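Each chain, letter by letter, is given below.
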Amino acid sequence: MAQLLSKSRRLRSTPFTPFVEAAGAKGYTVYNHMLLPTVFRTLEEDYRHLREAVQVWDVSGERQIEVVGPDAAKLIQWMTPRDLSQGIVGQCFYAPIIDERAGLINDPIVLKLAPDRFWLSIADSDVELWARALAIARGLDVNVFEAAVYPLAVQGPKAEALMTEVFGPVVQNIRFYRFAPLNFRGHTVNVARSGWSKQGGFEIYLSRASLAGALWKTLMRAGKTLDVHAGCPNLIERIESGLLSYGNDMTRANNPLECGFDRFCHHDRDFDFIGKSALQRVAKRGAKRRAMGLFIEGDALPPCLKPWPVKHEGKARGSVTSAAISPRFGCGVAIAMVDRDAWAPGTLVTVHVPNGDKRRAMVAPLPLGEEQAALTGFARGPVAGTSQPASASPVEGGEAKARQAA
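In this text the structure is predicted, and so the values were computed from the model without any measurement. (Residues numbered from 1 in each chain as written. Predicted model: local features only at pLDDT ≥ 70, side-chain atom pairs only at ≥ 80, totals over all residues. Heavy atoms only, no water.)

**With respect to helix 3 (residues 72–79)**
- Looking at helix 3, one finds that the buried residues are Ala 72, Leu 75, Ile 76, Gln 77 and Met 79.
- On the buried face of helix 3, the contacting elements are strand 4 (64–68), strand 6 (97–98), strand 8 (109–114), strand 9 (117–121), helix 4 (127–138) and strand 10 (143–147). (Buried < 20%, exposed > 50% of the residue type's maximum accessible area, 1.4 Å probe, protein only. Helix = DSSP H or I, 4+ residues; strand = E, 2+ residues; numbered from the N terminus. Contact = heavy atoms within 4.5 Å.)

**Overview of the packing of helix 5 (residues 159–167) against helix 6 (residues 212–222)**
- Where helix 5 meets helix 6, the closest approach of the two axes is 9 Å, and the angle between their N-to-C directions is 120 degrees. Crossing of helix 5 against helix 6: the hand is right-handed. Along its contact with helix 5, which presents Leu 162, Met 163, Glu 165, Val 166 and Phe 167, the element helix 6 presents Leu 215, Thr 218, Leu 219 and Ala 222.
- Split into classes, the residues belonging to the contact of helix 5 with helix 6 amount to seven nonpolar, one polar and one charged. (Axes fitted to C-alpha atoms, helices over the stretch in contact; angles between N-to-C directions. Left-handed = near helix turned anticlockwise from the far one by under 90°. Nonpolar A, V, L, I, M, F, W, Y, C, P; charged D, E, K, R; others polar.)

**Considering the pattern of salt bridges**
- Scanning the entire structure with this criterion turns up 18 salt bridges.
- Between Arg 51 and Glu 240 there is a salt bridge whose closest N-O contact spans 3.9 Å. A residue pair is termed long-range when its members are at least 10 positions apart, and Arg 51 in helix 2 (residues 43–52) and Glu 240 in helix 7 (residues 235–241) qualify at 189 residues.
- Here Arg 117 makes a salt bridge to Glu 66, at a shortest N to O gap of 2.8 Å. In this pair, Arg 117 sits in strand 9 while Glu 66 sits in strand 4, placing the two residues 51 residues apart along the sequence.
- The class for Glu 66 is buried, based on a relative accessible area of 7%. (Salt bridge = Lys/Arg side-chain N within 4 Å of Asp/Glu carboxyl O.)

**Structural notes on the layout of surface pockets**
- Approximately 850 Å³ is the volume attributed to the largest pocket.
- If you trace the largest pocket, you find 29 residues lining it, with Thr 29, Thr 38, Leu 235, Arg 238 and Asn 248 closest to the centre.
- The set of elements that each furnish at least two residues to the lining of the largest pocket consists of strand 1 (27–31), strand 2 (34–39), helix 2, helix 7 and strand 18 (315–326).
- Among the residues forming the lining of the largest pocket, the class breakdown is 19 nonpolar, seven polar and three charged. (1 Å grid on protein atoms, 1.4 Å probe; cavity = no way out; pocket = protein on both sides within 12 Å on 5 of 7 lines; lining within 4 Å. Points joined across faces, edges and corners; volume = space filled by probe spheres on them.)

**Digging into the nonpolar core**
- Counting residues in hydrophobic clusters, the biggest one holds 54 residues, and the most contacted among them are Met 250 and Phe 295.
- Residue assignment for this core shows that the elements contributing at least two residues are helix 2, strand 5 (92–94), strand 8, helix 7, helix 8 (276–285), strand 16 (289–296), strand 19 (331–339) and strand 21 (357–364).
- Broken down by element, the residue count for this core peaks at four residues, all from strand 19.
- Counting residues in hydrophobic clusters, the runner-up holds 34 residues, among them Ile 174, Phe 184, Val 191 and Leu 226. (Core = buried A, V, L, I, M, F, W, Y, C linked by side-chain atoms within 4.5 Å.)

**Some details on the sheet that holds strand 16**
- Taken in spatial order, the six strands close into a barrel running 16-19-18-17-20-21, and their pairing is antiparallel. Strand after strand, the sheet turns through a mean of 40 degrees between neighbouring axes, direction not considered. (Pairing = 2+ DSSP bridges.)

**Side note on a positive patch on the surface**
- Together, Arg 185, Lys 217, Arg 221 and Lys 224 make up a positively charged patch on the protein surface.
- For Arg 221, the position within the fold is in helix 6. (Patch = residues over 30% accessible without salt bridge, like charges linked within 9 Å, V, L, I, M, F, W, Y side chains within 5 Å. Areas by Shrake-Rupley, 256 points an atom, 1.4 Å probe, with all protein chains shown as cover. Lys, Arg positive; Asp, Glu negative; His and termini not counted. Charge placed at Lys NZ, Arg CZ, Asp CG, Glu CD.)

**Brief notes about the sheet that holds strand 8**
- The strand order across the open sheet built from five strands is 5-8-9-4-10, with neighbouring strands paired in antiparallel fashion. This sheet does not close on itself; its edge strands, each paired only once, are strand 5 and strand 10. Strand after strand, the sheet turns through a mean of 25 degrees between neighbouring axes, direction not considered.
- In this structure, strand 4 lies alongside strand 10, joined through five bridges in antiparallel fashion. Bridging across to strand 10, Val 67 finds its partner in Val 144.
- Lying over the sheet, helix 3 contacts strand 4, strand 8, strand 9 and strand 10, oriented at roughly 30 degrees with respect to strand 9.

**Comments concerning the confidence of the model for the protein chain**
- For the protein chain, mean pLDDT is 93; residues scoring 70 or higher make up 93% of the total.
- In this model, residues 384–405 is a region of pLDDT below 50 whose contacts with residues beyond four sequence positions or in other chains number 93 contacts. (pLDDT = per-residue confidence, 0-100.)

**Comments concerning the packing of aromatic side chains**
- For the structure on display, the rule yields nine aromatic pairs.
- Taking 6.3 Å as the distance between ring centres and 35 degrees as the angle between the ring planes, the aromatic pair formed by Phe 16 and Trp 216 counts as tilted. Linking Phe 16 in the segment before helix 1 (17–22) with Trp 216 in helix 6, this pair joins segments that are 200 residues apart in sequence. No difference in accessibility class separates Phe 16 from Trp 216, as the two residues are buried.
- On the basis of an interplanar angle of 55 degrees and a centroid distance of 6.4 Å, the ring pair of Phe 167 and Phe 184 is categorised as tilted. Separated by 17 residues along the polypeptide, Phe 167 in helix 5 and Phe 184 in strand 12 (residues 179–184) bring together distant segments of the chain. You'll find Phe 167 and Phe 184 in the same group, each marked buried.
- Here the aromatic residues Phe 16, Phe 19 and Trp 216 are joined through ring pairs into a cluster of three or more. (Phe/Tyr/Trp six-rings, centres within 6.5 Å; stacked < 30°, edge-to-face > 60°.)

**Digging into helix 5**
- All buried positions along helix 5 are accounted for by Ala 159, Leu 162, Met 163, Thr 164 and Phe 167.
- Just beyond helix 5, the residue with positive phi is Gly 168, at close to 95 degrees.

**Observations concerning unusual backbone geometry**
- Residue Pro 367 is reached from Leu 366 by a cis peptide bond, and omega for that bond is 0 degrees.
- By secondary structure assignment, the location of Pro 367 is in the loop between strand 21 and helix 9 (370–374).
- Not every positive phi belongs to a glycine, and Asn 32 is a case in point at roughly 50 degrees.
- Examined against the element boundaries, Asn 32 turns out to sit in the loop between strand 1 and strand 2.

Set out below in C-alpha cells:
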C-alpha cells in the first residue's frame with residue numbers, strides 16, 4: 001500500500017506550493033510544519049542536474065523568526081556561542097543555538113536587518129517559543145514572532161547567470177553570506193548569496209506572498225536557456241558536501257563541537273550566552289564523538305530511517321545518520337556520528353544496515369572528496385560527468401539549511 005502524507009491545517013503549504021506541484025514534485029517531507037519537496041525526477045537525476053545547471057527551490061520551510069526592539073541584539077547574542085558583536089547590517093551569520101547543557105536547539109542563519117532587527121532563518125525546530133521564553137525570563141524589551149517571509153532558493157553553477165538575468169548585474173556584487181535589498185516588481189526582496197548546497201547560489205526572501213507566482217514564473221522564463229528546473233535540497237549532494245541536517249544528523253543530544261562547529265563557538269571570549277559553562281567543559285575535555293563522512297561499499301542502500309550502528313574491531317563506535325548511493329563515487333556515502341576511538345580518517349569500520357546486512361566502510365573527513373574515495377578500494381569514482389564544478393562556492397559548518405558559512 002502506498003504511503004500518503006495527509007494534509008491538515010497543522011501542515012502548511014506555501015505560496016509556491018501550486019507551482020511546485022505543477023512542476024512535478026514526487027515527494028515531500030515536513031519542515032517547520034510546512035511542506036518541503038524532496039524529489040522531482042529521481043534523486044539521482046536531480047543530483048546530476050543540480051551539479052550541472054540551475055534549480056529553483058521552494059524552501060519556505062526555513063521560517064524567519066523576527067527579533068526586533070531595543071534589546072534584540074542582546075537576545076540574539078544570549079542564544080548563541082558565536083560572537084556577533086562585530087556584525088554589520090547586511091551580513092549573514094551561521095550561529096548555533098544551544099541550551100543550558102550545550103545541546104543544540106537549532107543552527108540558524110542570522111540575518112542582521114538593522115541594529116535592532118534580526119531574522120533567524122531556522123532549521124527544523126520551534127525556535128520562536130524558545131526565544132520568546134528567554135526574552136520574558138530576562139525582561140528584555142523585544143518583540144519575537146514568525147515573520148511572513150517565504151525564501152526561494154536558486155542553486156547550481158548557473159545560479160548567478162539566472163539571477164543576473166532577473167535582477168541585473170547588481171547581484172554579482174553580493175558577497176558570500178551577505179544580502180542586499182533588491183527590487184522585484186516594485187517590492188523589496190532581500191537576496192542573499194547562500195543556500196543549502198555546495199554548488200553556489202542565492203536565496204530570495206519574499207515577504208509579499210501575492211508575488212510568489214510572478215517570481216517563480218519570472219525565474220523559470222529567464223532560465224530556459226540555462227536549463228532551469230524546479231528542484232529541492234538533494235540528499236546525495238548534501239551528504240557529499242558535509243551539510244548536516246538538524247533532526248537527522250544532530251539533535252539536542254549533540255553539542256556544537258561534536259558537529260564540527262568549533263569555529264562558530266567563542267566560549268573563550270568575554271560575553272555571556274546560555275550554556276557557556278557547559279560548552280567550556282566540553283571544550284576542556286574534548287568532544288567524545290564527531291560528525292564524520294563514510295564511504296560505504298555497495299551500489300544500493302535502503303533509506304536511513306533509523307540510525308545504523310557503526311562498529312570498529314567488534315565494538316560499537318557510532319551510528320550513521322544519513323546515507324545514499326553516490327553517482328559521483330560509485331558507492332555509498334554517509335554522515336555518521338563517530339566515537340573518538342574510530343574517527344581518524346582512513347579507519348575501516350563496519351556499518352550494520354537493516355535486515356542484518358553488514359558493509360565495509362571507511363571514515364573520511366567532510367566534505368567527501370576524490371582523494372579519500374580512492375583510498376577505499378571499493379569506490380569507483382569519480383564517475384564521468386560528476387566531478388566538482390569549478391564554480392562551486394565554499395561551504396562550512398552544519399545545516400544552515402543549506403547554508404553554512406563564514
